[in-house]
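Survey of secondary and tertiary structure
In case you want the letters, here they are:
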Amino acid sequence: ASAPDPAAAPAGPWLSSLAPMAVLGNVIALAHGLVIGDAPRSVVGAYVRVLYAALRPWVDARMTQGERRALPADSSDDEELAGAVGGGASAMEIDGAASVPAEHARLVDGQLRRLLEGTHASALFASLLPAGAVLAAGSPEFGELSQLCSLYCLFLKHGSPLSSHSAACSGTHSGMVLMPALAFRSGIAPRLWAAVGSVARARGGGAQAWASAEIEGPLSLFCLLSNHALVVLSDDELLGASVGPGGPASDPLTASSSAGGSSNGNGDRVMVLLPRDQLRGLCLDLKELAVHLFWANSTSPSPSPFATVSSSSHAAGASGSRLGALLRTELTRLLRALHERDSRRPFVGDKHSWLAGGSASGKAATIMAIVQGSPPPTGAQTVGGLPGGQLAAEADRASALLRNVPFTLPFEGRLGALRAWIQADRRAQGYEMAHHMWPPPIRVRRAFVLEDSFAALRNAGPHLKLPLRVQYFNGQGLEEAGFGEGVVKEYLVDVIRAACAPEARLFQTTGEGELYSSPTARHDVSESSARFEFVGSMLGKALYENILLDVPLAPFFLAKLLGRTNTVNDLPSLDPELHRNLLFLKSYQGQLEDLALCYAVTDMVGGREHTTDLKPNGRNVPVTNADRTEYIHLVTNYRLNAQLRRPCADFLRGFTSVVPSAWVAMFSPQELGMVLSGSDAPIDVSDWRAHARYASGYHSQHPVIEAFWEVVLEMGAEQRAAMLRFATSSARPPLLGFQWLNPPFCVQMAVSEEGRLPTSATCMNLLKLPPYADVAMMREKLTYAINAGCGFELS
């Protein structure tokens, strides 16, 4: 500690004459006494500088290895879930660790265990960053905090420098014990955010200030701890209980329970993340930082992690920007998690708050224009494909932003990009040329549409991108009239509807009537895997053809199609009662052993009870107060992820054979539902009328047409939706307006016969309307027809 500047000194001179591993062990042993003994802040700060310098080779090795692995920004939440409930990544070893003398290894390992203990780590941070403390930008104190944060980021992600020896002794990754202690019992995260915010504001408060190397370590650790906490915290714990008719919402993060982690074990309340009134500012600051990192600064070089540490400023880059890969990964995960929470229970603001620059114009519009003008993405890495130079670089940066934080770009622009990519792909496939070659038709019996289609198209795969011809046969075996795009639309609607019907036993419904793949389908349906793949390909074909389907797919099912991991906050849409019971366990004050719970679940399969262990021999392992969090998340993971994994994988394989997953990964589950089924916004009658067409004598100024639109305007929202369903088979309007309805809505003059009702050809979005004499007759006949469900009539 008496060295002129241990943190900035080269790795050799002041330690080269000593045994580095032994010195490290003694340094950590000394620290334990200093920290627990309430040493002065200056002494603890000096210790951190020495410790950081001693661990420099390991830090550099880990950073270099992290760069080689190109830490993925879209890593699965499965890893975080495993860490939250007792799993963990395999340890990463420092090069040459095997050559360390055994006695030195034991010495250092024993002392590192203290460094990785939650109580020791919490005491270190409490000494360097006391509650309410303000650390000045550029100060040695903030530099020491940055160095400590950088070390703990690496401990949490990769274990200790001798993690193989540690893991062999303890059987666990060192971060498994450390992470919950720091996330739930130390209260560090809110203090880190306050310190980082103070320095960023002192540097000007813009995105570049937030992206400075000076705050990279503390910000990375804050994101790591917050991501871990959000895996466990429910919406009520984060935002406060929903306001009921009888009283105000409860305070977030203060319901003391071992699951919520809001007690430090001494009965003291600990703030895990931030109060609700600070979450909006957190989201907006991190959002602009993410935009800066992926758009303005995505290709900047990464200097050495020690290049910016000097004797004049310990604060300047405790880990340097090579910690940036970790920061981008954890920042992306945190923003995604917060955006999902905001989608369920808004706390940030209107939909523009999440956009780059806070507006659909400006920066967001510029980036979307680049995306829409680029070739379709072919994989997870880049839009790519442009010639070299600035345009290619801009396309890559726009792709990085779209891939990692797509909600910072307008939904309408992303939908426009998807349609542009589909049109480009159709041209590449020679769609129009193939359309005029009249491929042989698929012969389908109307009463057996699912079986006949499965037999004909089960192995079609990417060939479904080409035009289809369908020939229907009625119950008497006779060919039905009709051909062209309209029949294809009717066919796709019929196939999906038949696959989702209860008698097909492929899908089940939630209490809200939303559909998800049946976990028991593999027991109930022959060739269920191939059937799910076929249904997925049909859904992909409908999206490829821009045909809306009135199919309410559950958000947690759509999340699996997007490759995401569902959590306990997604459980209410599947089983509200189970969700309530699991949250009850979180706050249960008694002994959980009295409830006789075990790590197993029981399902009815084929009329018999089938028990599944959630962990080895789980049916014989009781649930205790100490491991209630693990039980809650294992049950949730089984119901929302494990049970759905196989059918969702089959379904996704079929879907992506037509529409690549990279094309839809930019949507949230709720947004993907709208892309497939249409907008949930009110029907805009003026837009509907502006894009309507007329046939057989009708025109926009015809008195009958004027009367028709007058009646539609008089209708309430539900009746208007029924009118749209009657004519098009979908009660929802197309996204971005009726100009995208395919085929366009058309009103055709029907034969004028006394008492004749309106009919429709939904395959063509065609309404056949007799020329009624007045508005009253128009209102009566339309109302009767749509309420009575008068059906399809082909002429």
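Residues numbered from 1 in each chain as written. Predicted model: local features only at pLDDT ≥ 70, side-chain atom pairs only at ≥ 80, totals over all residues. Heavy atoms only, no water.

**Topic: the sheet that holds strand S9 (residues 759-761)**
Using the following cut-off: For two strands to be treated as a pair, DSSP must find at least two bridges joining them. What counts as a helix is a DSSP run of H or I of at least four residues, what counts as a strand is a run of E of at least two, and both are numbered from the N terminus. Lines fitted to the C-alpha atoms define the axes, with helices restricted to the stretch that makes contact. Angles between their N-to-C directions range from 0 to 180 degrees.
Within the open sheet, the four strands sit side by side as S7-S8-S10-S9. Their pairing is mixed. Each having just a single partner strand, strand S7 (693-695) and S9 make up the two edges of the open sheet. When strand polarity is set aside, the average angle formed by the axes of neighbouring strands in this sheet is 25°. By the bridge criterion, four bridges tie strand S8 (residues 746-749) to strand S10 (residues 766-769) in an arrangement that is parallel. Directly across from Val 747, in S10, lies its bridge partner Leu 767.

**Thoughts on the packing of helix H18 (residues 411-429) against helix H28 (residues 669-677)**
As a reminder, the rule being used: Any angle from 65 to 115 degrees is called roughly perpendicular, while one under 35 is roughly parallel, one over 145 is roughly antiparallel, and all others are oblique. Crossing handedness is read from the near helix: turned anticlockwise from the far helix by less than a right angle, it gives a left-handed crossing, and turned clockwise, a right-handed one. Contact between two residues is taken to exist if any of their heavy atoms lie within 4.5 Å; hydrogens are not considered. Amino acid classes used here: Ala, Val, Leu, Ile, Met, Phe, Trp, Tyr, Cys and Pro are nonpolar; Asp, Glu, Lys and Arg are charged; the rest, including Gly, are polar.
Relative orientation of the contacting elements H18 and H28 amounts to 55°, with a least axis distance of 12 Å. Between H18 and H28, the angle falls in the class oblique. The handedness of the crossing between H18 and H28 comes out as right-handed. Touching Phe 411, Arg 414, Leu 415 and Leu 418 of H18 are Glu 671, Met 674 and Val 675, all from H28. Of the residues that constitute the contact of H18 with H28, the class distribution is five nonpolar, no polar and two charged.

**What to know about the environment of Ser 752**
Of note, Ser 752 is situated in the loop between S8 and S9. Spatially, the C-alpha atom of Ser 752 lies 5.4 Å from that of Pro 770, the residues being 18 residues apart in sequence.

**Examining the packing of aromatic side chains**
Our working rule: Put simply, two rings from Phe, Tyr or Trp (the six-membered ring, in Trp's case) pair if the centres are within 6.5 Å, and we call them stacked under 30 degrees between planes, edge-to-face over 60, tilted for the rest. We count a charge as sitting over a ring when the NZ of a lysine or the CZ of an arginine lies within 6 Å of the ring centre and within 35 degrees of the ring normal.
This structure, assessed with the given rule, holds 20 aromatic pairs. Through a chain of ring-to-ring contacts, the aromatic side chains of Trp 688, Phe 708, Trp 709, Phe 738 and Phe 745 assemble into a single cluster. Its end group placed over the ring of Tyr 472, Arg 446 keeps NZ or CZ at 4.0 Å from the ring centre. The aromatic ring of Tyr 599 is capped on one face by Lys 615, whose charged end is 4.3 Å from the ring centroid.

**Concerning the confidence of the model for the chain**
Rules: The predictor attaches a confidence to each residue, and that confidence, scored 0 to 100, is pLDDT.
Across the chain, the average pLDDT comes to 78, with 74% of residues at 70 or higher. No element of the chain has a lower mean pLDDT than helix H4 (residues 77-85), which averages 40, and none a higher one than helix H23 (residues 528-544), which averages 95. Here residues 299-321 scores under 50 on pLDDT; set against residues more than four positions off or in separate chains, the count is 64 contacts. Low pLDDT, under 50, characterises residues 380-388; the predicted model gives this stretch 22 contacts beyond four residues in sequence or across chains.

**Quick notes on the pairing of strand S6 (residues 608-613)**
Note that strand S5 (residues 600-605) and S6 share six bridges and pair antiparallel. Bridge assignment links Ala 600 to a residue of S6, and that residue is Asp 613.

**Examining the packing of helix H31 (residues 717-728) against helix H32 (residues 775-788)**
For any two helices packed against each other, the geometry comes down to the angle between their axes and how far apart the axes lie. Packing of H31 against H32 brings their axes to within 9 Å, and their N-to-C directions diverge by 75°. The angle between the axes of H31 and H32 places the two elements in the roughly perpendicular class. Within the contact between the two elements, H31 uses Gln 719, Ala 722, Met 723 and Phe 726 and H32 uses Leu 782, Thr 783, Ala 785, Ile 786 and Asn 787. Of the residues assigned to the contact of H31 with H32, the class counts are six nonpolar, three polar and no charged.

**Some words on unusual backbone geometry**
Note that the residue after Asn 742, namely Pro 743, is joined by a cis bond; omega there is -5°. Tracing the backbone through its elements, the reader meets Pro 743 in the loop between H31 and S8. Residues other than glycine seldom take positive phi values, yet Ser 729 does so here, at roughly 80°. Relative to the helices and strands, Ser 729 is located in the loop between H31 and S8.

**Regarding the nonpolar core**
Nonpolar side chains tend toward joint burial in soluble globular proteins. Rules: What makes a nonpolar core is a set of buried Ala, Val, Leu, Ile, Met, Phe, Trp, Tyr and Cys residues whose side-chain atoms join them at distances within 4.5 Å. Relative accessibility thresholds used throughout: buried, under 20% of the residue-type maximum; exposed, over 50%; partly exposed, between the two (1.4 Å probe, protein chains only).
Core analysis: the largest hydrophobic core is formed by 171 residues, its most contacted members being Tyr 152, Phe 222 and Tyr 491. Membership of the second largest hydrophobic core comes to 30 residues, among which are Trp 709, Val 711, Tyr 772 and Met 778.

**Describing the environment of Thr 759**
Of note, Thr 759 is situated in strand S9. On the accessibility criterion, Thr 759 (11% relative accessible area) is buried. Taking C-alpha positions, Thr 759 is 6.9 Å from Leu 769, a pair spaced 10 residues apart along the chain.

**Some details on the pattern of salt bridges**
To be explicit about the condition: Within this document, salt bridges are pairs made up of a side-chain nitrogen of Lys or Arg and a carboxyl oxygen of Asp or Glu, the two lying within 4 Å of each other.
In the structure shown here, the tally under the stated rule is 28 salt bridges. With its nearest N and O atoms 3.0 Å apart, the salt bridge here joins Arg 341 to Asp 235. You can see Arg 341 sitting in helix H15 (residues 324-344) and its partner Asp 235 sitting in helix H13 (residues 235-239), a full 106 residues away along the chain. Salt-bridge contacts for Glu 545 lead to Arg 426; the nearest nitrogen and oxygen are separated by 3.3 Å. Separated by 119 residues along the polypeptide, Glu 545 in the loop between H23 and helix H24 (555-561) and Arg 426 in helix H18 bring together distant segments of the chain. Judged on exposure class, the residue Glu 545 and its partner Arg 426 are both buried.

**What to know about the pairing of S8**
Pairing analysis gives three bridges linking S7 to S8, with the strands arranged parallel. Considered in S8, the bridge of Tyr 694 is made with Val 747.

**What about the side chain of Ser 127?**
As for its position among the elements, Ser 127 is in helix H6 (residues 118-128). Excluding residues that lie within four positions of it along the chain, Ser 127 makes contacts with Ala 39, Arg 41 and Val 44.

**Some words on H32**
Inclusion rule: One fewer than the residue count of a helix, multiplied by 1.5 Å, yields its expected span. To obtain the arc, one takes the directions from the helix axis to the C-beta atoms. Distance and chemistry together define a polar contact, namely a pair of N or O atoms within 3.5 Å, with one atom able to donate a hydrogen and the other to accept it when in protein, and with adjacent residues in sequence counting only for side-chain atoms on both sides.
For H32, which comprises 14 residues, the first-to-last C-alpha distance of 20 Å matches the rise-based estimate of 20 Å (1.5 Å per residue) to within 8%. Buried within H32 are the following residues: Met 778, Lys 781, Leu 782, Ala 785 and Ile 786. The arc that holds every buried residue of H32, seen down its axis, measures 120°, which confines them to one face. Exposed side chains of H32 directed beyond 90 degrees from the buried face belong to Tyr 784 and Asn 787. By the N-cap criterion, in which a side-chain oxygen at the helix start approaches the backbone nitrogen of a residue two or three places on, H32 is capped by Asp 774, the distance to Ala 776 being 3.3 Å.

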